[in-house]
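This is what each chain is made of:
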Protein chains: 2
Amino acid sequence: MFQVTKKVEYGLRAMIILAKNYKAKKVCSVKFLSEKEEMPFDFLEKIISCLEKSKLVKGSKGSTGGYLLTKNPNKINVKNIISSLEGTKAMTNCPFCPRNKKCIAKNAWKKIDNSLSKTLQDITLAQLIK
Amino acid sequence: MFQVTKKVEYGLRAMIILAKNYKAKKVCSVKFLSEKEEMPFDFLEKIISCLEKSKLVKGSKGSTGGYLLTKNPNKINVKNIISSLEGTKAMTNCPFCPRNKKCIAKNAWKKIDNSLSKTLQDITLAQLIK
DNA sequence: TTAAAGCAGACTGATTTAGTCTGTTTTTAT
DNA sequence: ATAAAAACAGACTAAATCAGTCTGCTTTAA
């Protein structure tokens, strides 16, 4: 089946910790996150950077700095996180394939992609932390 | 989002053709399949070989040989096809990770994997060809 | 002013992908 | 009988992606 990348795996772990600290508004540094879940610091920095660019988290600098979710965990779903980290491209390059018009599977992938997207959208961070 | 491999992409294309020829019991050679959908012959041979090992198709040798689905298209779903080609491993290596007990995401991936599996199981070849 | 944090980008070894190539076996048509 | 056409098997490879690492800069609170 689909193997998820380490990027996504670590990213979700970090987001779950941030979700648990959302109510108390406790900022979490990358150091804290990486130690708590034993994830490589340098790599995690880059991952969080992606999540920040898509405005799922917000960082604050300085010695008491760290990251916070930008919104309630029930407003962030797994599709948001994966899209942020892996980009928003479709499952196949079908739409850009020169023989798309003739392709026997052109509608199949549309259906499959839509179903999977819907499924991932229905799973929120809030559900995952309770 | 999830990028599907060429292996799966070609595999599904081939399976859709086979599904359309199922009622008439028309065998399709790899040559026929690869020319019809412009897929690399040698690569497709390997792909079909996987599908045969998981008993989704059955080959017959000789100069009129080729492949047939082993069962009705409404009995074959997209998960069957992807599992056959990509293996049946889970989305993450979580279950085999030494720190699984402590891992904050251990149940999250179980939930996500289950939801996606169910979604892919609900899409059959029969649906895709009508 | 210095330490701790965020932020940015170049670099790299290892693995996976997407095939290709060569060769064998089986079966049908001539 | 034999040639042709198909399945079947496995070794090999260039290119791309993955999973980080490393270096260095900027911002901010103590």
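Calculation notes
- Residues numbered from 1 in each chain as written.
- Chains lettered and ligands numbered in written order.
- Predicted model: local features only at pLDDT ≥ 70, side-chain atom pairs only at ≥ 80, totals over all residues.
- Heavy atoms only, no water.
- Near = heavy atom within 4 Å.
- Helix = DSSP H or I, 4+ residues; strand = E, 2+ residues; numbered from the N terminus.
- Nonpolar A, V, L, I, M, F, W, Y, C, P; charged D, E, K, R; others polar.
- Phe/Tyr/Trp six-rings, centres within 6.5 Å; stacked < 30°, edge-to-face > 60°.
- Buried < 20%, exposed > 50% of the residue type's maximum accessible area, 1.4 Å probe, protein only.
- Lys NZ or Arg CZ within 6 Å of the ring centre and 35° of its normal.
- Pairing = 2+ DSSP bridges.
- 1 Å grid on protein atoms, 1.4 Å probe; cavity = no way out; pocket = protein on both sides within 12 Å on 5 of 7 lines; lining within 4 Å.
- Points joined across faces, edges and corners; volume = space filled by probe spheres on them.
- Salt bridge = Lys/Arg side-chain N within 4 Å of Asp/Glu carboxyl O.
- Core = buried A, V, L, I, M, F, W, Y, C linked by side-chain atoms within 4.5 Å.
- Contact = heavy atoms within 4.5 Å.
- Expected span 1.5 Å × (residues − 1).
- Polar contact = N/O pair within 3.5 Å; in protein donor to acceptor, adjacent residues only side chain to side chain.

Under an unreviewed UniProt entry, the name given to chain A is Rrf2 family transcriptional regulator, and the source organism is Candidatus Staskawiczbacteria bacterium RIFOXYD1_FULL_32_13.

This paragraph deals with the protein's contact with DNA strand D. Surrounding DNA strand D, one finds 24 residues, the nearest of these being A:Tyr10, A:Phe43, B:Val30, B:Glu52 and B:Tyr67. Take the atoms of DNA strand D that sit within 4 Å of the protein: sugar and phosphate atoms are 74% of them. Every element with two or more residues in the surface near DNA strand D is listed here: α1 (6-20) and α3 (41-53) of chain A together with α2 (30-36), α3 (41-53) and β2 (66-69) of chain B. Split by residue class, the surface near DNA strand D holds five nonpolar, 10 polar and nine charged.

With phi around 60°, A:Lys55 is a residue other than glycine that occupies positive phi space. Relative to the helices and strands, A:Lys55 is located in the loop between α3 and β1 (57-60). The phi dihedral of B:Glu38 is positive, around 55°, even though this residue is not glycine. Among the structural elements, B:Glu38 can be located in the loop between α2 and α3.

In this structure the tally under the stated criterion is three aromatic pairs over all chains. With a centroid separation of 5.9 Å and 85° between ring planes, the pair formed by A:Tyr10 and A:Phe43 is classed as edge-to-face. In this pair, A:Tyr10 is assigned in helix α1 and A:Phe43 in helix α3, connecting sequence segments 33 residues apart. For A:Phe43, a relative accessible area of 30% translates into the label partly exposed. Note that A:Lys26 overlies the ring of A:Phe32, its terminal NZ or CZ placed 4.0 Å from the centroid. Looking at B:Lys25, its charged tip hangs above the ring of B:Tyr22, at a distance of 4.0 Å from the centre.

To continue, consider the pairing of strand β1 (residues 57-60) of chain B. One ladder, built from four bridges, connects β1(B) with β2(B); its direction is antiparallel. For B:Val57, the partnering residue across the bridge sits in β2(B) and is B:Leu69.

The gaps left among the atoms become clear once a water-sized probe is rolled over them. By volume, the largest pocket amounts to about 270 Å³. A:Phe2, A:Gln3, B:Phe2, B:Gln3 and B:Val4 are, among the 18 residues lining the largest pocket, the residues nearest its centre.

For the structure on display, the rule yields 14 salt bridges over all chains. The shortest N-O distance in the salt bridge between B:Glu37 and B:Arg13 comes to 2.6 Å. You can see B:Glu37 sitting in the loop between α2 and α3 and its partner B:Arg13 sitting in helix α1 (residues 6-20), a full 24 residues away along the chain. The two residues B:Glu37 and B:Arg13 agree in class, both being buried. Shared partners join several salt bridges into a network, and the residues in it are A:Lys6, A:Glu9, A:Arg13, A:Glu37, A:Glu38, B:Arg99 and B:Lys102.

Here we take up the nonpolar core. A:Met15 and B:Met15 are the most contacted members of the largest nonpolar core, which has 84 residues in total. Beyond its immediate stretch of four places on either side in the chain, B:Met15 contacts B:Leu51, B:Leu56, B:Val57, B:Leu69, B:Ile76, B:Ile81 and B:Leu125.

What follows is about α1(A). All names here are of chain A. With 15 residues, α1 extends 21 Å from end C-alpha to end C-alpha; this agrees with the ideal 21 Å at 1.5 Å per step. Judged by how many residues are buried, α1 sits mostly within the fold: 12 of 15 residues are covered. Listed as buried for α1 are Val8, Glu9, Tyr10, Gly11, Leu12, Arg13, Ala14, Met15, Ile16, Ile17, Leu18 and Ala19.

We now examine the protein's contact with DNA strand C. Around DNA strand C lies a shell of 27 residues, among which A:Glu52, A:Tyr67, B:Tyr10, B:Phe43 and B:Lys46 are the nearest. Of everything in DNA strand C that lies within 4 Å of the protein, sugar and phosphate atoms constitute 74%. Interatomic distance of 2.3 Å between a side-chain N/O atom of A:Glu52 and a phosphate oxygen of DNA strand C. Here a sugar or linking oxygen of DNA strand C sits 3.4 Å away from a polar atom, N or O, in the side chain of B:Lys61. Elements supplying a minimum of two residues to the surface near DNA strand C: α2 (30-36), α3 and β2 (66-69) of chain A together with α1 and α3 of chain B.

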